[in-house]
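An overview of the molecular structure
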Amino acid sequence: MPNQALSAITGLGFSRLSREPIGSPRSLALSAMRAAVIDSGLGLSEIDGLLLNQSAQISGDAVPLKLRQDLGLGDIRLHASIDSKGASVIQMLQMATLAIRHGMANAVLCVFSDTPVGSDSNSGASYVNASALTGIEGWDQQYGLIGAVANYAMAAQRYMSHYGSDERHLGAYAISCRNWALHNPMAQQREPLSFEQYLASRFIVEPFRILDCALPINGAAAFIVTDAVRARTGVRPPVYIHGMGQCHGSTDQWAHDREEITAGARSASASLQMAGIAPAAVTCCQIYDPFSICAFVALEDFGLCKKGEAPDFVLDGQTGPGGTMPVSTGGGHLSGYYLQGMTPIAEAIIQARGDGGERQVSANDVILVNGSGGLFEHHATVVLSPRRSLA
Amino acid sequence: MDLAQRVCRRDLNIEVDWRPASGTARLYSYVVYRRQYSPAFAVPYSVAWVELKEGPRLISTVAAARESGLTIGMALRADFDDSGRLIFTPVAETSRTS
């Protein structure tokens, strides 16, 4: 039935977050899982699904299936590791919803854990895996193309060249996120940020300054998905899922100088269609935004800004506190905390529940949340609301 | 065809023919490294994303980039440096053609 919820999120939990080593990814995952179960009020025996996600920065078995035993779960009916890079966490939410709707599970615990910051490395070194833009193994490295920052910087350079945006726009997004973070007790960056300070900050890979890039952090987060009807009797206000979409395409689709519809746009459109609403119904966005350029691309993919117009929308202050379209209201990846796909979904849950405190958005009715992996290659999008029906 | 592809879209053929490329290209995008990631590449240095006239895009470098400056869309010509690495050199244009 259109406009009716597909499922609901009924629990949310975090481990400690720190830029110092605070434990193994497995132990942090367990901590977040436990916190989510306690938050939900569910008994352990009621959890019958477990989905896991980790980043590529840590070893492949760092967040193992055996976390089922760690938590003390019995036999469960849904259990897997999910990976589509930055789209993974939204995909876990989607997979949980699909399973619940087909009666394969009743309560699915989804967890992401990462420890990119080691005791002997500075955090910038955390994401220096060799990139692969050319598509030929080993090709890019011979020219010194190293690290995720450069990939996104390539996209930003072209975008800005084509649409005539510049550092004022990038800086405006960094400041928008910082302004939200000032009101988020969990945010990592809580000092006010001026444009002069942004300009004075050092370049990493042009056009990106350090303030255009998320800082890695060690930590984990988890949420629990249940049937929408069952969620009404839970201890926390349910956060309903109304629409889901995915699309995966080639990396050059961020090049908005072409008129084609990007994979990100298809993913967002699919989720809005499933929810039975148009982009104009969206009241708040939680964007996967480890780099400032991500917000411009996402706002345009969502259909909230025409191609090339998102930078001025941000420069105008529309995405910050008091603006018409609150974006990344916890500070996002740049000023909040970088737990990949968990950051936007956790903030969406907090806002939908009314737990935003000083940063609570009154327009929390329809929250669009995305996850984006690779260089704009993998996209997953959901529509969340505190309302069980959007009709 | 993009360079990551291994199977023909039309008939699923996996046999590849080599064809000479013209060497003509344009600068699709570029970045300038300011942070030292690897001792093998001293900052500042630029990395180019080049679009060949034939369509495929690849990562490379533009010779004398620091002197000539980089502009997205600038005309380039393929060359090889002393170590045999594929590089691109700027081509003087009197009028811009697509």
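Placed above this text is the structure.
Cut-off values and rules
- Residues numbered from 1 in each chain as written.
- Chains lettered and ligands numbered in written order.
- Predicted model: local features only at pLDDT ≥ 70, side-chain atom pairs only at ≥ 80, totals over all residues.
- Heavy atoms only, no water.
- Helix = DSSP H or I, 4+ residues; strand = E, 2+ residues; numbered from the N terminus.
- Rg over C-alpha atoms; globule rule 2.2 N^0.38 Å.
- Buried < 20%, exposed > 50% of the residue type's maximum accessible area, 1.4 Å probe, protein only.
- Contact = heavy atoms within 4.5 Å.
- Areas by Shrake-Rupley, 256 points an atom, 1.4 Å probe, with all protein chains shown as cover.
- Lys, Arg positive; Asp, Glu negative; His and termini not counted.
- Charge placed at Lys NZ, Arg CZ, Asp CG, Glu CD.
- Axes fitted to C-alpha atoms, helices over the stretch in contact; angles between N-to-C directions.
- Left-handed = near helix turned anticlockwise from the far one by under 90°.
- Nonpolar A, V, L, I, M, F, W, Y, C, P; charged D, E, K, R; others polar.
- Buried area = accessible area lost by both parts, 1.4 Å probe.
- Salt bridge = Lys/Arg side-chain N within 4 Å of Asp/Glu carboxyl O.
- Pairing = 2+ DSSP bridges.

So, on to the overall build of chain A. Across its full length, chain A carries twelve helices and eleven strands. A compact globule built from 391 residues should have a C-alpha radius of gyration of about 21 Å, and chain A, at 19 Å, falls within 12% of that. For chain A, buried positions account for 61% of its 391 residues. For chain A, long-range pairs separated by at least 24 residues make up 75% of all intrachain contacts whose partners lie at least 6 apart in sequence. Total accessible area on chain A is roughly 13,800 Å²; 51% of this is exposed by carbon and sulfur atoms. In chain A, the 26 positive side-chain charges and the 34 negative ones have mean positions that sit 7 Å from each other.

Before going further, it helps to examine the packing of helix 4 (residues 148-163) of chain A against helix 9 (residues 293-301) of chain A. Residue and element names in this part refer to chain A. Orientation of helix 4 relative to helix 9, taken along the N-to-C sense of each, is 65 degrees, at an axis distance of 10 Å. Note on packing geometry: the crossing formed by helix 4 with helix 9 is left-handed. Packed against helix 4, whose contacting residues are Tyr152, Ala156 and Tyr159, the element helix 9 presents Ile293, Cys294, Phe296 and Glu300 at the interface. Its residues assigned to classes, the contact of helix 4 with helix 9 shows six nonpolar, no polar and one charged.

Moving on, we get to the interface of chain A and chain B. Between chain A and chain B, the contact holds 33 residues from the first and 27 residues from the second. Between chain A and chain B, roughly 2,700 Å² of surface is buried when both sides are summed, and carbon and sulfur atoms account for 61% of that area. Taken together, chain A and chain B are joined by one salt bridge. Where A:Glu206 meets B:Arg34, a salt bridge forms, and the shortest distance between an N and an O atom there is 2.4 Å.

Residues and elements named next belong to chain B. The element strand 5 (residues 86-90) is largely enclosed, with a buried count of four among its five residues. Bridge analysis of strand 4 (residues 75-80) against strand 5 gives five bridges, and the strand direction is antiparallel. Within the sheet, the bridge partner assigned to Arg77 lies in strand 5 and is Thr89. Where strand 4 folds back onto strand 5 in an antiparallel hairpin, the turn is made up of five residues, including Gly84, whose phi is positive at roughly 85 degrees.

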